[in-house]
Amino acid sequence: MVGEIRDGETAGLAVNASLTGHLVLSTIHTNSAAGAIPRLIDMGVEPFLITATVKTIIAQRLVRKLTPSKEKYFLSPAEIKNMGKVIDLDRMLLLLKNENIIGPQDIWEKIPFYKAVKSGDSEDGYLNRIGMHEVLKVTPTIKEMIIKGDSQDEIEIQAKKEGMMTMLEDGVFQAVLGITTLEEVFRVVSE
């Protein structure tokens, strides 16, 4: 365990431990899973060492969970349009359909979301927290991209093609399930 990789020396220790066959678990501060790759390079880790040692990168943020006394509502056309500015609505709809969260014919106007409602248990309608995650697997294609020096955005695009759900998409997914609210998801992702 390496508590946090913050500098080149710590990054080097983690890489060397991994090269000798140890499972290394650590944290690194970035805004996304793909952001860990340029961060490691900035700390002096060579791209070929990243491809040899990093298997999976998980990014996470905590969101507040709704209490059972939540209120159902449906998005207005303006709200759907605004959401489309930050996520690919067609991709998100497909993800929800593939997981059987919504029906095959459902559209955004028919998908219920939830609002926080104050109750005796909670003065703001939230209780406890849950994680939003994105899991980037360092596949052979992504390894090639790291070696070529492709950007963080290009790596994320490829990871999405290979099935990665972004943290924001996971948050919307959890909002559709009624675990949290869209407002909470967007608040946490924008921080």
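What counts, and where the lines are drawn
Residues numbered from 1 in each chain as written. Predicted model: local features only at pLDDT ≥ 70, side-chain atom pairs only at ≥ 80, totals over all residues. Heavy atoms only, no water. Helix = DSSP H or I, 4+ residues; strand = E, 2+ residues; numbered from the N terminus. Expected span 1.5 Å × (residues − 1). Buried < 20%, exposed > 50% of the residue type's maximum accessible area, 1.4 Å probe, protein only. Arc of directions from axis to C-beta. Contact = heavy atoms within 4.5 Å. Polar contact = N/O pair within 3.5 Å; in protein donor to acceptor, adjacent residues only side chain to side chain. Core = buried A, V, L, I, M, F, W, Y, C linked by side-chain atoms within 4.5 Å. Patch = residues over 30% accessible without salt bridge, like charges linked within 9 Å, V, L, I, M, F, W, Y side chains within 5 Å. Areas by Shrake-Rupley, 256 points an atom, 1.4 Å probe, with all protein chains shown as cover. Salt bridge = Lys/Arg side-chain N within 4 Å of Asp/Glu carboxyl O.

### Let's talk about helix α1 (residues 8-19)
Part 1 of the reasoning: The end-to-end C-alpha distance of α1, which contains twelve residues, comes to 16 Å, matching closely the 16 Å that a straight helix rising 1.5 Å per residue would cover.
Part 2 of the reasoning: Listing the buried residues of α1 in full gives T10, A11, A14, V15 and S18. Buried residues of α1, seen end-on, are gathered within an arc of 135° and therefore sit on one face of the element. Exposed side of α1, more than 90 degrees from the buried face: E9 and L13 are the residues found there.
Part 3 of the reasoning: Lining the buried residues of α1 we find α2 (36-42) and α3 (47-53).
Part 4 of the reasoning: One side-chain oxygen at the N-terminal end of α1 lies 3.3 Å from the backbone nitrogen of E9; it belongs to D7.
Part 5 of the reasoning: Within two residues after α1, G21 carries a phi angle of roughly 100°, on the positive side.

### Quick word on the nonpolar core
Part 1 of the reasoning: In this structure, W108, F113 and L136 are the most contacted members of the largest nonpolar core, which totals 50 residues.
Part 2 of the reasoning: The element best represented in this core is helix α8 (residues 167-176), accounting for six residues.

### Examining a nonpolar patch on the surface
Part 1 of the reasoning: On the surface, M1, L23 and L25 cluster together into a nonpolar patch covering about 420 Å² of accessible area.
Part 2 of the reasoning: In this fold, L23 is placed in the loop between α1 and α2.
Part 3 of the reasoning: Residue class for L23 comes out exposed when judged on its relative accessible area of 72%.

### Comments concerning the pattern of salt bridges
Part 1 of the reasoning: All told, the structure shown has five salt bridges when counted by the stated rule.
Part 2 of the reasoning: Across the salt bridge formed by E184 and R64, the nearest N and O atoms sit 2.9 Å from each other. Within this pair, whereas E184 is found in helix α9 (residues 182-190), its partner R64 is found in strand β1 (residues 56-66), the two being separated by 120 residues in sequence.
Part 3 of the reasoning: For E184, a relative accessible area of 1% translates into the label buried.

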